[in-house]
Structure formats: structure tokens, C-alpha cells
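So the chains spell out like this:
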Number of protein chains: 2
Amino acid sequence: MSHVRTVEWIDGGVRMIDQTKLPDKLTYVVIKDYQKMARAIREMIVRGAPAIGVAAAMGLALAANGSRAKTKQELMKRLHEAADVLRKSRPTAWNLFWAIDRVLQAAEVATGSPAEISQQVVDEARRMADEDVHANHRIGEFGAALLTDGDVVLTHCNAGTLATVSYGTALAPIRTAITQGKRLRVFATETRPRLQGAKLTTFELLSDRIPVTLIVDGAAGYVMMRGMVSKVIVGADRITRSFVANKVGTYMLALAAHANRIPFYVAAPSSTFHLEGDQSDVKIEERGAEEVVSIGAKRIVPRGVRVFNPAFDVTPVELVEGFITERGVVSPKMLRTDAVL
Amino acid sequence: MSHVRTVEWIDGGVRMIDQTKLPDKLTYVVIKDYQKMARAIREMIVRGAPAIGVAAAMGLALAANGSRAKTKQELMKRLHEAADVLRKSRPTAWNLFWAIDRVLQAAEVATGSPAEISQQVVDEARRMADEDVHANHRIGEFGAALLTDGDVVLTHCNAGTLATVSYGTALAPIRTAITQGKRLRVFATETRPRLQGAKLTTFELLSDRIPVTLIVDGAAGYVMMRGMVSKVIVGADRITRSFVANKVGTYMLALAAHANRIPFYVAAPSSTFHLEGDQSDVKIEERGAEEVVSIGAKRIVPRGVRVFNPAFDVTPVELVEGFITERGVVSPKMLRTDAVL
């Protein structure tokens, strides 16, 4: 899975792996307008903070590409309309907002005819996809230096190729370390309710022949206490100076790692960092009860039960040993200083 | 559900709720020999430490009742055979071993004809069922004193009527507090892999009209951090002076409660305590991969993935605010002193 692209600009559209169909089948969808892109993000056909950032950028590229604007002003109006729709798709991952702002900024400073500016928007979105892949390989290199032969790495949710354009964030150090000849094994938590660990991370790692053992989320503390895990690496949806928002369950993994003196790393590109943000800026997405009460067509819960289904949680940075970014490994203390990222 | 009996001696057999069929339907099975009782325990038709203790005692009662022994020696031989089979059904809950030893002891000291001794074995098993219900009501009273109007209690797995003969352990204080007029709400964790929280705890609480909100296991830390929970109460499968073995996931709940200064209580009858035990005595049951890789008929995981499926984990007693027993509330420090239970 190291060379597959999860999100890719193709002639006339954006081709994406349909992640709701995995692991049963690896199929692609082609998205041709920004409204459908917003829906694909909301319905998690594409998911993972870096992937939805690039998908949103490409949604703007679709809006530009399909525009019949006769002036730059008309084009910018259309781009801002598309941006508003895309921003409402999912609220937590910072990459989405970062990516939309970056594309709008590129359009803002672009010159030429509306068609030429549109082409520059498309180019910017494609560049962001390439940069994501490059950043992930850098994360791989910096992170691999932290891993030693024989390490057993626990990861949560899916922060691999499928969460990015390619190569992954949390899985990148594992991939790179293995190419360096280190022998590693991985524990994947299944990650309820949507089972991204069970469905996507195992799929990726099996495809790459990386040894993986699946556990339920609640078993993570036990495997850590038993000494079966030497490092924890997770991705992130938003990082500020004081906390990491990531897939629900991350906070308890960080607590368990801390209690058992296991280094807990967060791997993320700089586009995930919103250092000036605070707790009041971040909206933790609450998703529908149906994700919890049914699995496939099978209802597992009695009718009438109330459900609370936050998609993310918040981990204090004090529990993080280091942030593995494309610019190096950064400590929580370094986040407090100015402009490290 | 406060008056239902999960395990009950009836003429010619042991009637038990088939917990594998809940919440879809409330059906009963009647078990007529000890081999089938061992299988029912292993397959979790009956589950929950106090319930399987009484079920094992009643398995011995079935063995005694069905015996054609002509001497006490023959009867004791048969009881020891049955005990060996029942002891191998599930390895973690102390109540199972405690119950078997207690019935064997009762038979050992009994006098009279084999038929009279058999009757005493049946009487002992029935007495243990009644004692369990009584103990749970006492746990309810002692525990209710710890709860105040407006409390929100988080619980894990199912430690209710369905985990005991009736009334429950962790759910008992909630039930009793509500009869005292306190308004309480409950968060139930779904409890992967077997979903006892989603299927059983919600079913019990809905039946009793106690407000319950279901969350995935990984969301427990988030609801605690957000201040949405004021107490945590769980049951237990085995308690020693240094640790609590309980459903996998309990340890991370205890860590999250500790980090957020939320009192973490363990509710269990004295039959769950094995104070002279240590970590080397307890076998943490590892169950099959099929519990994790499929839900109902639906396979959720790619073929070829290795699975580690421990059914329980181990929580250091230092994380426990108090043990709610039928003899009062006991602190971890008190466990260190002699003969408190």
C-alpha cells in the first residue's frame, strides 16, 4: 500500500479509494463536483485528516475547473461558496480548514484569465497532494530513527496510506524502519465504532506483509501492562500547544502508555498543527447513533437506547513523548515556543 | 429486572436466561447435567462472576441429583469428577472456584445416605443462590450511600442482574439509590468484543426505566474528561490484595477515572475476593478470534489477521477508591490487613 494513492486528481475528476467498501473490496469512486466531495468527506468515503485536507483542496479545484466565471471576482465567489460547503463537511480535522485556506489564498494571489487562475487552483491542489506524500516519507524517516529492531508498535484507528494521500503518518515510521531492515510488529486496535483499525489498518499492513495483531480497544491497556508493546504511535486530527484531537480512544491509550512508561508518539504533518488554537476553537464531531447501534445490517442494541458518539477525543500534550513531523521530532515543550512549525 | 432470577434451581434442572439471545429475546434454557452446565458457562449462556459461581454450584447439584451412588465415597467421586469438568469451564472468575469448593466441602461434612447427602448438596447450591441475591441487596445499600442525587455513573460490561442470580453488583447501588429517590443517570460502555454493555446492561436498565446512554469503550476517557461522569462502578471477576481482574478495558477506565479525579468503585460480593492470591495464580482467559473478527454473521476483518483476545485485564488496587461488598465498603489499604472479608 506504500505506492497507492488514496486521493488523486485525474482528468475530469478526483479519483479516491472508497474506504467504506474496505476490506471487502478495493474500489474507486470518481468525484466530479465539490458538493459530492463534501458528501464523500461527510460519509467517510475518504477519511483521515491529511486525506480529507487534500480532498477538500481538490473539491475547490473541481469548483474552479467546472466554473464558467468570466471574471476573477466571479471565480472567487464560486470558490468561496464551495469553501463554505466543504468546511461544513467535518468539523474536527485542522487539515481541512488549512487546505481550504491555502487554496483560496493561492487563487487570491493568482493572475491571468479565469481559466488560467482555475488551472493554478488545480495545480495548487495537486501540489498539496504531492507535498503530503513527501511529508509522510519525511515523517517516516524521522520516526524510523525512534524505532529499534524488535519493537512492537501499537497504533489506533488508521493513520496509514488510507488516511493520507499515500504512505501514512503513524504507519510511515513503521514502513520506513522496515525498509531499513528493522523487524517490527504492530498491534492494531479495532477502533470502534467504525472499525478503521480492524478494517483498514489490518488491510494495509497485511498488503505490505507487516505482522499485525488485532485487539479490541479495551485490550490496549492490558497489552501495555503485560509488556507486549514498546512504542505507541498514533496520528492526529488537530494539534494545538496544549492538546491533540484524534480518534476517540486516543486519550486512554496515552494514559495507559504513560502509566506503563511506554513512549507515546503522535505522527502528523505540519498541516495538522493549529498552534494558536485552544479548546474553545475545536469542535469535537458527534456522529449518529447508527454507527454504534448496528454493525452492517445487524442491530446489536435494544431499541430506545440513547447513544453518545463523539468521533474524537482530546489528549493533553503532556502525555506525548514527541510529535513526529516532516520537519523533525518536536517535544510538547517545543510547541510552547514560537514558530517551531 | 430486579426480581428476575438469572439462574434458578427448578424441579429436575437448572433454569437460566440464555444470555446469548439477548437483547433480541428473553428466553430460558433448562440444564439437566453438569457437562451441559460446563458448556453453558464456557459458551457464555450464563456469564458474570457471581452467576457462574452459582451455576457451577448448581452443576454439582445436578451431578449429585443424577447420581446412582450407593455409598458416600461413590458420590464424592462423582462430585469431584464434575468439579474437575466445571473448574475447566472458565479460568478467571474466583467465584467459580470458591463455589465449587464450598459445595464439595458441604458434601464432605454431610452425613446420611447418598440420597440425603445429594439433597444437602442441592440445598447448599440453592442457599448460595439466595445468599447471592441477599449479598447484592446489601451491596446496593452500602453502595447507594456513596451516590448522591444527580450523579452520573459510568459502568462497564454487565454487572447487573444478568451477571448474578439477581439485582447485580455494580448496578445494585444504582438500583437502590433510585428506590431511595435519588435521580441518577448511567453511561454504559458497549464492551467489545461481546458487547455485554450494549446488549445486556442497556437491556436491564431500559427494562427498569433507568436512564442510560451507550458509548463505545474508547469514548469513556472523553466523557470523564468532559465532566460528564461523577462516579465509576464496575464489577469484578477476582480481587486480590494487589489487583482486580475484571472485563478487559477496566484498567483503562480506572486510569481515566484516576486522571480526572473521579471515584472508581468495584462492587463485588466476598466470594469474588481471593486475598491470598497473587498475579501468578490468576489465569487471564484468552478467547477465540471469532469474537473479534465477526459480528453476528458479518465478518469485519480481512482474512489472515492474527487476533489477541484477552477476556479480562488487571487493575492495580491503588486505582480503586473503594470495594463495595455485602459487608461494607473496604479501601484498598484495608485489603492489606488480615481477614477483613
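Residues numbered from 1 in each chain as written. Chains lettered and ligands numbered in written order. Predicted model: local features only at pLDDT ≥ 70, side-chain atom pairs only at ≥ 80, totals over all residues. Heavy atoms only, no water.

What follows concerns the overall build of chain A. For chain A, the count of helices and strands is eleven helices and 16 strands. The C-alpha radius of gyration of chain A comes to 20 Å, within 12% of the 20 Å expected for a compact globule of 341 residues. Its C-alpha atoms give chain A principal-axis dimensions of about 65 × 50 × 40 Å. Taking all 341 residues of chain A together, 63% fall into the buried category. Within chain A, residue pairs in contact and separated by at least 24 positions form 75% of the contacts whose partners lie at least 6 positions apart. Put simply, chain A shows about 12700 Å² of open surface, and 48% of that area lies on carbon and sulfur atoms. (Helix = DSSP H or I, 4+ residues; strand = E, 2+ residues; numbered from the N terminus. Rg over C-alpha atoms; globule rule 2.2 N^0.38 Å. Buried < 20%, exposed > 50% of the residue type's maximum accessible area, 1.4 Å probe, protein only. Contact = heavy atoms within 4.5 Å. Areas by Shrake-Rupley, 256 points an atom, 1.4 Å probe, with all protein chains shown as cover.)

Once that is clear, we can look at the packing of aromatic side chains. Considering all chains together, one arrives at five aromatic pairs over all chains under this definition. Plain terms: the ring middles of F273(A) and F323(A) are 5.8 Å apart, the flat faces sit at 70° to each other, and that makes the pair edge-to-face. In this pair, F273(A) is assigned in the loop between β10 (264–267) and α10 (290–293) and F323(A) in strand β15 (residues 322–325), connecting sequence segments 50 residues apart. Across the pair, F323(A) and F273(A) agree in class, each one buried. Arranged with centres 6.5 Å apart and planes meeting at 10°, the rings of F308(A) and Y222(B) form a pair that is stacked. With F308(A) in the loop between β13 (306–307) and β14 (312–316) and Y222(B) in helix α8 (residues 220–225), the pair connects residues from two separate chains. The two residues F308(A) and Y222(B) agree in class, both being buried. Over the ring of Y28(A) we find R15(A); its NZ or CZ atom is 4.1 Å from the centre of that ring. The ring of F312(B) carries K247(B) above its face, with NZ or CZ at 4.6 Å from the centroid. (Phe/Tyr/Trp six-rings, centres within 6.5 Å; stacked < 30°, edge-to-face > 60°. Lys NZ or Arg CZ within 6 Å of the ring centre and 35° of its normal.)

Quick look at the pattern of salt bridges now. Going through the model one piece at a time under the given rule, you end up with 46 salt bridges over all chains. Here K36(A) and D33(A) are joined by a salt bridge, their closest N and O atoms 3.5 Å apart. Residue R192(A) is joined to E190(B) by a salt bridge in which the shortest nitrogen-to-oxygen separation is 2.6 Å. One end of the pair, R192(A), is in the loop between β5 (185–189) and α7 (196–207); the other, E190(B), is in the loop between β5 (185–189) and α7 (196–207), on a second chain. (Salt bridge = Lys/Arg side-chain N within 4 Å of Asp/Glu carboxyl O.)

For the rest of this paragraph, the subject is the packing of helix α1 (residues 34–42) of chain A against helix α3 (residues 72–87) of chain A. Residue and element names in this part refer to chain A. Where α1 meets α3, the axes come as close as 9 Å, and the angle between the chain directions of the two elements is 15°. Classed by the angle they form, the pair α1 and α3 counts as roughly parallel. The hand of the α1/α3 crossing is right-handed. Residue-level contacts link Y34, M37, A38 and I41 of α1 to R78, E81, A82, V85 and L86 of α3. Within the contact of α1 with α3, the residues separate by chemical class into seven nonpolar, no polar and two charged. (Axes fitted to C-alpha atoms, helices over the stretch in contact; angles between N-to-C directions. Parallel < 35°, antiparallel > 145°, perpendicular 65-115°, else oblique. Left-handed = near helix turned anticlockwise from the far one by under 90°. Nonpolar A, V, L, I, M, F, W, Y, C, P; charged D, E, K, R; others polar.)

Two chain copies, one operation linking them: a rotation about an axis together with a shift along it. Mapping chain B onto chain A is achieved by rotating through 180° and translating by 0.0 Å along the same axis, at an RMSD of 0.0 Å. Those values place the two copies in the arrangement expected of a two-fold rotation axis. Of the residues that chain B buries at the interface, 100% are likewise interface residues in chain A, meaning the two copies contact each other through the same surface. (Least-squares fit on C-alpha atoms with pLDDT ≥ 70 in both.)

Our next topic: the pairing of strand β7 (residues 231–234) of chain B. Residues and elements named next belong to chain B. In β7, alternate side chains face the same way, and those of K231 and I233 on one face and V232 and V234 on the other are all buried. In the sheet, β7 pairs with strand β10 (residues 264–267) via three bridges, with the strands oriented parallel. Its bridge partner being in β10, V232 is matched across the sheet by F264. (Pairing = 2+ DSSP bridges.)

With respect to the element layout, D132(A) can be found in helix α5 (residues 114–144). Looking at D132(A), the relative accessible area reads 7%, which means it is buried.

Moving on, we get to the interface of chain B and chain A. If you look at the interface, chain B gives 55 residues, while chain A gives 55 residues. Taken together, the two surfaces of chain B and chain A that pack against each other cover about 4500 Å², and 72% of this comes from carbon and sulfur. The shortest N-O distance in the salt bridge between K298(B) and D24(A) comes to 3.2 Å. In this assembly, chain B and chain A are joined by twelve residue pairs in polar contact (both at pLDDT 80 or more). Taken together, the elements giving at least two residues each to the side of chain B that touches chain A come down to α7, β6 (212–215), α8, α9 (250–259), β13 (306–307) and β14 (312–316) of chain B. For the side of chain B that touches chain A, the leading source of residues is α9(B), giving six residues. Here the residues of the side of chain B that touches chain A sort into 37 nonpolar, seven polar and eleven charged. Pairing analysis gives two bridges linking β13(A) to β6(B), with the strands arranged parallel. Its bridge partner being in β6(B), R306(A) is matched across the sheet by T213(B). (Buried area = accessible area lost by both parts, 1.4 Å probe. Polar contact = N/O pair within 3.5 Å; in protein donor to acceptor, adjacent residues only side chain to side chain.)

Moving on: helix α4 (residues 94–109) of chain A. Residue and element names in this part refer to chain A. For α4, with 16 residues, the first-to-last C-alpha span of 23 Å sits near the 22 Å given by 1.5 Å per residue. Looking at α4, one finds that the buried residues are W94, N95, L96, F97, A99, I100, V103, L104, A106 and A107. The inward-facing, buried residues of α4 abut α1, α2 (49–65), α3, α5 and β8 (238–239). (Expected span 1.5 Å × (residues − 1).)

Across chain A, the average pLDDT comes to 96, with 99% of residues at or above 70. Overall fold confidence (pTM) sits at 0.97, and the ipTM for the predicted complex is 0.96. (pLDDT = per-residue confidence, 0-100.)

Residues and elements named next belong to chain B. Of all five residues in strand β9 (residues 243–247), five are buried, a share of seventy percent or more. Note: strand β8 (residues 238–239) against β9, two bridges, orientation antiparallel. Bridge assignment links R238 to a residue of β9, and that residue is A245. In sequence, β8 turns back onto β9 through a hairpin of three residues. In the sheet, β9 pairs with β14 via five bridges, with the strands oriented antiparallel. Of the residues in β14, the one forming a bridge with A245 is V314.

Another point: the packing of helix α1 (residues 34–42) of chain B against helix α2 (residues 49–65) of chain B. Residues and elements named next belong to chain B. At a minimum axis distance of 8 Å, the contact between α1 and α2 shows a crossing angle of 165°. It follows from the interaxial angle that α1 and α2 lie roughly antiparallel. Taken as a pair, α1 and α2 cross one another with a handedness that is left-handed. Contact residues: α1 offers Y34, M37 and I41, while α2 offers I52, A55, A56, G59, L62 and A63. Its residues placed into classes, the contact of α1 with α2 shows eight nonpolar, one polar and no charged.

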